[in-house]
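# Reading the structure
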Amino acid sequence: MARTTIRNGRATAQIDGDFVVFLIGLRFNRLWKVRSWLGPFLAMPKMLQDLRKHPEKGLLGVRMSMSGRTISLVQYWRSFEQLEAFARNTDDPHLASWRAFNRTVGDNGDVGIFHETYRIHAGDHESVYVNMPVVGLAEAGESVALGRGRDTARTRLARR
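So, how was this worked out
- Residues numbered from 1 in each chain as written.
- Predicted model: local features only at pLDDT ≥ 70, side-chain atom pairs only at ≥ 80, totals over all residues.
- Heavy atoms only, no water.
- 1 Å grid on protein atoms, 1.4 Å probe; cavity = no way out; pocket = protein on both sides within 12 Å on 5 of 7 lines; lining within 4 Å.
- Points joined across faces, edges and corners; volume = space filled by probe spheres on them.
- Helix = DSSP H or I, 4+ residues; strand = E, 2+ residues; numbered from the N terminus.
- Nonpolar A, V, L, I, M, F, W, Y, C, P; charged D, E, K, R; others polar.
- Pairing = 2+ DSSP bridges.
- Axes fitted to C-alpha atoms, helices over the stretch in contact; angles between N-to-C directions.
- Parallel < 35°, antiparallel > 145°, perpendicular 65-115°, else oblique.
- Contact = heavy atoms within 4.5 Å.
- Expected span 1.5 Å × (residues − 1).
- Buried < 20%, exposed > 50% of the residue type's maximum accessible area, 1.4 Å probe, protein only.
- Arc of directions from axis to C-beta.

### Considering the layout of surface pockets
If a probe as big as a water molecule is rolled over the atoms, it shows which places are left empty. Empty space within the largest pocket amounts to approximately 840 Å³. By residue number, the principal contributor to the lining of the largest pocket is helix α1 (residues 34-53), which donates 10 residues. Partitioned by chemical class, the residues of the lining of the largest pocket number 25 nonpolar, 8 polar and 5 charged.

Dropping the structure here:
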């Protein structure tokens, strides 16, 4: 289903097994320091392009948003081990970009980077989407119409 196609009604996300939610972002602390933030800014699209070409690396889906000076991505990964392997592998684009960031920006304060990692066990999640395109976890896994027995967050969580 195209990301912009509205799916009328109520749906929830279904995904088999454990997975990882990885939040990552970049903050432009000093907008005029283009030389400091341009490299990190351009690095993420290259990483995502590589991950889309190689689904076996474990990225299930990603959603990007911008608020003020901060660009944030919510990423869904099949496992923490795959996320960590991508981050540490010298053949993947992340490690070189991370090393370049530490060399050129370090702790000078021009650019901020953050990430948070959450391991989600099978069934320890719930979601609802009403009159929405297929997004988020439903896009990373599967969008399932809500029916009897899945009307509330409590019943969706209890189904595991």
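Once you've had a look at it, read on.
### Quick look at the sheet that holds strand β6 (residues 129-132)
Sheets are built from strands paired through backbone hydrogen bonds, the pairs being either parallel or antiparallel. With antiparallel pairing, the 3 strands of this open sheet are ordered in space as β6-β1-β7. In this open sheet, the two strands that pair with only one neighbour each are β6 and β7 (142-145). Averaged over all pairs of adjacent strands, the angle between their axes in this sheet comes to 50°, without regard to strand direction.

### Structural notes on the packing of helix α2 (residues 80-88) against helix α3 (residues 93-104)
Running from amino to carboxyl end, α2 crosses α3 at an angle of 55°, the nearest separation of the two axes being 5 Å. On the basis of the axis angle, α2 is oblique to α3. For the pair formed by α2 and α3, the contact residues are Phe 86, Ala 87 and Arg 88 on the first element and Pro 93, His 94 and Leu 95 on the second. Considered class by class, the residues forming the contact of α2 with α3 number 4 nonpolar, 1 polar and 1 charged.

### Remarks on empty space enclosed by the protein
A full pass over the atoms with the stated rule returns 1 cavity of 30 Å³ or more. Of the pockets and cavities examined, the largest cavity occupies roughly 50 Å³. If you trace the largest cavity, you find it lined by Arg 7, Gly 9, Ala 11, Tyr 129, Met 132, Pro 133, Val 134, Val 135, Ala 138 and Ser 143. Secondary structure elements with two or more residues in the lining of the largest cavity: β1 (7-14) and β6. Split into classes, the residues belonging to the lining of the largest cavity amount to 7 nonpolar, 2 polar and 1 charged.

### Observations concerning the sheet that holds strand β4 (residues 70-77)
Strand order in the open sheet formed by 4 strands is β3-β4-β2-β5, with antiparallel pairing between adjacent strands. On the outer flanks of this sheet lie β3 (59-67) and β5 (111-120), each paired with one strand and no other. On average, each strand axis in the sheet is tilted by 15° relative to the strand beside it, whichever way the strands run. In the sheet, strand β2 (residues 19-28) pairs with β5 via 10 bridges, with the strands oriented antiparallel. The residue of β5 that forms the bridge with Leu 23 is Glu 116. Set on the sheet, α1 makes contact with β2, β3, β4 and β5; between it and β4 the angle comes to about 25°.

### Structural notes on α1
For α1, with 20 residues, the first-to-last C-alpha span of 29 Å sits near the 28 Å given by 1.5 Å per residue. For α1, the full list of buried residues reads Ser 36, Trp 37, Pro 40, Ala 43, Met 44, Met 47, Leu 48, Asp 50 and Leu 51. End-on view of α1: buried residues confined to an arc of 160°, all on one side of the axis. Looking at α1, the residues exposed on the side facing more than 90 degrees away from the buried face are Arg 35, Lys 46, Arg 52 and Lys 53.

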